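# Report on the structure
Okay, here's what each chain looks like letter by letter:
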2 protein chains.
Amino acid sequence: MFKQFFINGGVTAPDGFFADGVNSGIKDDSLDLAFIYSDPIANIGAVFTSNKFQASPLQHFQREKIEKSNFILINSKNANAMTGERGIQDIYSIFSTLSKELPIYNPVMSSTGVIGSPLPVEKIVEGAKSFDLNSKNHLNASKAIMTTDTRPKEIAVEVQLPDGRSYRVGGMAKGAGMINPSMATMLAFITTDLKIDTPTLNRLLRETTKTTFNAISVDGDTSTNDSVFLMANGKKDFFDEVSFRETLHLIMKHLALEIVKDGEGAKKLVAFRVTGAKSDRDAEKVAKTLSNSLLVKTAIFGEDPNWGRIAMAIGASGVEVCEKNLTIAYEDIEVYRRGENLFTPEVEEKAYQILRKSQFSIYCDLGLGDGEFTSYTCDIGYEYVRINADYRT
Amino acid sequence: MFKQFFINGGVTAPDGFFADGVNSGIKDDSLDLAFIYSDPIANIGAVFTSNKFQASPLQHFQREKIEKSNFILINSKNANAMTGERGIQDIYSIFSTLSKELPIYNPVMSSTGVIGSPLPVEKIVEGAKSFDLNSKNHLNASKAIMTTDTRPKEIAVEVQLPDGRSYRVGGMAKGAGMINPSMATMLAFITTDLKIDTPTLNRLLRETTKTTFNAISVDGDTSTNDSVFLMANGKKDFFDEVSFRETLHLIMKHLALEIVKDGEGAKKLVAFRVTGAKSDRDAEKVAKTLSNSLLVKTAIFGEDPNWGRIAMAIGASGVEVCEKNLTIAYEDIEVYRRGENLFTPEVEEKAYQILRKSQFSIYCDLGLGDGEFTSYTCDIGYEYVRINADYRT
């Protein structure tokens, strides 16, 4: 059996990957421009937002049909979305200038921030010219991609196979709002020194996104810029799909949960574990309706074991349900079992003690079949409103 | 052409309708139990929530296949939802006792409040025994049905036809949260002294609900109890569909907008007027995605002309859109026109002045066809969180 070890290094932990972040003047004085560089050129896969107004960097990637690249340039504070053809041409212009200074091949851009403003091309070019492609400052890179995030999000794992071979996978992400369960939902960058072809990268990304980045919700809004990239540079001349698949899931789930925990103003991480649905698809619908319900999320913020709102959201999800088959529990405290209300003052107090914790699960068994899905969400409180009422200013 | 006059009297304005509200002890000291009584027996139509866990009163109404009634009993503070067969039997028990005291025929129950607790049958019976069926205290009735509402919501209109005949329509409603655009969304009671058969009542209710109660959103949650009732007692021995249809629309729209304006903590009433969609259905999807977007609603709360979030929500609605065809305007201030960002500091200031108002429209023209729909919503701010974090307590 293979072994996994958490290590330092973020996206630069795998062999041949470099990264850093600088201030290019888009933000007043904090880091706002990052790069990931791979030597040698890596295969690259990507999944993008379901939003119909895909931002310019996503359109650029698809127009160029990029399958191999050695360079991702990431800016925060400006989404380069709803900027039309100019937004795409700005990316070509940036890379055209940079290619004279840096050994970049099929460069990829990724942006996050305010929608609708043209990209500050000059600042970005000047900032990128100062990059040291030999740097392994992964922490600066993960800081430079933050918007309303309160902390950088990164992880790296070394995998040791029984035959003595080893490889590494690293990742970083940003995201704290506009996080929606129906799509990829934020920016994430994952690197590995394994040798994996691009179709396989895309397949594994899609599969793993379903139960990680697509299972989380902060506010139910879907951004124009959500992207997850996966680069494999083949410094290790082999591929072990079984261990990689599991490691990729571990990394993507970790980053996804880091985003929920950092949900704007969030104090609690809640898992809605839905079982007994007619199908996995039904369970997913119920889990996502729960993790998107404002009334459920404000009750969690208020530490109120108001299971009626959970029942309300289950009933509103549109899937087949039956009162007599439903069971609802906060961790191991059942409050409603197959049509029977178990909510005594004693049970309420026990449920309240669970709600006071910063991390817990709410179980909803529909009692109708074998379908199951788990979604992750956070509470919504005053801080969410404060942050989003004045994001621009 | 017929004439419409606003008059006093709420649901008791039409001839033969009576109403009142009392405190029965479900709430500590405010009104919590109301009735509407009609002499003679009226035809009654109803539309109910799309939530799969319909509350007991809704199940009772459908099990009894009620088409005529002279009595609606309404309690607040307890939803009688998720209470199973017992919840329905409690209603039978209440009416069985009351029928010995009051001349009620096919009595109808309607409830709103916390989900999951059994109905306080004794209190309700005792409270109802004290009803004076000759009372026309419509204001007390409209107060007794309130939960988190900050004010009663009622209206009455007298219609005068060119030939000298006249009739009246009255209405009252409650609702301030759990208001969702995909269904009926609150409790509303409408009375008229016209003579209208039950199938026609049901047809007109369904038609009119689409552009009134189904076009509003506070938080996107769908309650287990939402109901709209329409009673016609035939005291006036005629029916004029043209004028009634328009008057019913006026009354239902007024009550729907009163609910949005009273949205928990809401300070602003916003209309999203979507035009140029491929179909009315598409326009409806876009309008409802906009009025349910937390990021859009918190930007409105913050008086931030952040049109990028509006674009984000349009793109996320799932319908066909094209950046180059889209136009977004705050009232008459265009901020984005057919792919072009018009957002200068001067335009931003003008848009901000519109956002400062308590009531305004945001226009989104998709530029693709003739489909249109208008949805109504409110801002979401600190008060919403405060109210919903401690509703039970």
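Here, every reference points to the structure presented above.
Residues numbered from 1 in each chain as written. Chains lettered and ligands numbered in written order. Predicted model: local features only at pLDDT ≥ 70, side-chain atom pairs only at ≥ 80, totals over all residues. Heavy atoms only, no water.

On to the interface of chain B and chain A. Each side of the interface is counted separately: chain B has 56 residues, and chain A has 56 residues. Here chain B and chain A share an interface that buries about 4,500 Å² over both sides, 62% of which is from carbon and sulfur atoms. Along the contact surface separating chain B from chain A lie zero salt bridges. Linking chain B with chain A are 14 residue pairs in polar contact (both at pLDDT 80 or more), by the criterion used here. Elements represented by at least two residues in the side of chain B that touches chain A include exactly α8 (294-301), α9 (307-316) and α11 (382-389) of chain B. The greatest single-element share of the side of chain B that touches chain A, amounting to eight residues, is contributed by α9 of chain B. Classifying every residue of the side of chain B that touches chain A by side-chain character gives 25 nonpolar, 21 polar and ten charged. (Contact = heavy atoms within 4.5 Å. Buried area = accessible area lost by both parts, 1.4 Å probe. Salt bridge = Lys/Arg side-chain N within 4 Å of Asp/Glu carboxyl O. Polar contact = N/O pair within 3.5 Å; in protein donor to acceptor, adjacent residues only side chain to side chain. Helix = DSSP H or I, 4+ residues; strand = E, 2+ residues; numbered from the N terminus. Nonpolar A, V, L, I, M, F, W, Y, C, P; charged D, E, K, R; others polar.)

With an RMSD of 0.0 Å, chain B superimposes on chain A once it is rotated by 180 degrees and translated 0.0 Å along the axis. Both copies are brought into coincidence by an operation consistent with a two-fold rotation axis. Scanning chain B for the C-alpha nearest the rotation axis identifies Y382 of chain B, at a separation of 2.8 Å. A shared interface surface links the copies, since 100% of the contact residues of chain B are contact residues in chain A too. (Least-squares fit on C-alpha atoms with pLDDT ≥ 70 in both.)

A few words now on the packing of aromatic side chains. Applying the stated criterion to the full structure yields 25 aromatic pairs over all chains. Ring centres 6.1 Å apart and planes at 75 degrees place the aromatic pair Y167 of chain B and F238 of chain B in the edge-to-face group. Pair noted here: Y167 of chain B is in strand β7 (residues 166-174) and F238 of chain B is in the loop between β10 (227-232) and α6 (241-261), with a separation of 71 residues, a long-range link. As far as burial versus exposure is concerned, Y167 of chain B and F238 of chain B are alike and both buried. Their ring planes at 85 degrees and their centres at 5.4 Å tell us that F301 of chain B and Y382 of chain B sit as a pair that is edge-to-face. Of this pair, F301 of chain B sits in helix α8 while Y382 of chain B sits in helix α11, and the two are 81 residues apart along the sequence. Ring pairing ties together the aromatic residues F48, F61, F189 and F229 of chain A, which thus form one cluster. When the ring centre of F18 of chain B is taken as origin, the NZ or CZ atom of K136 of chain B, which lies over that ring, is 5.1 Å away. Stacked on the ring of F238 of chain B, the Lys or Arg R165 of chain B has its end atom at 4.3 Å from the ring centre. (Phe/Tyr/Trp six-rings, centres within 6.5 Å; stacked < 30°, edge-to-face > 60°. Buried < 20%, exposed > 50% of the residue type's maximum accessible area, 1.4 Å probe, protein only. Lys NZ or Arg CZ within 6 Å of the ring centre and 35° of its normal.)

Here A316 of chain B lies in helix α9. Classification of A316 of chain B as partly exposed rests on a relative accessible area of 32%. Sequence-wise, A316 of chain B and V286 of chain B are 30 residues apart; in three dimensions their C-alpha atoms are separated by 8.5 Å. Residues contacting A316 of chain B, with those up to four places away along its chain left out, are N51 and T222 of chain A.

Residue and element names in this part refer to chain B. Across the two faces of strand β5 (residues 108-111) the burial is the same, with V108 and S110 and M109 and S111 all buried. By the bridge criterion, four bridges tie strand β4 (residues 68-75) to β5 in an arrangement that is parallel. Pairing of I72 across the sheet is with V108, part of β5. Since β4 and β5 lie parallel, the crossover through helix α2 (residues 84-98) that links them has a hand, and here it is right-handed. (Pairing = 2+ DSSP bridges. Right-handed = clockwise from strand over helix to strand, strands pointing away.)

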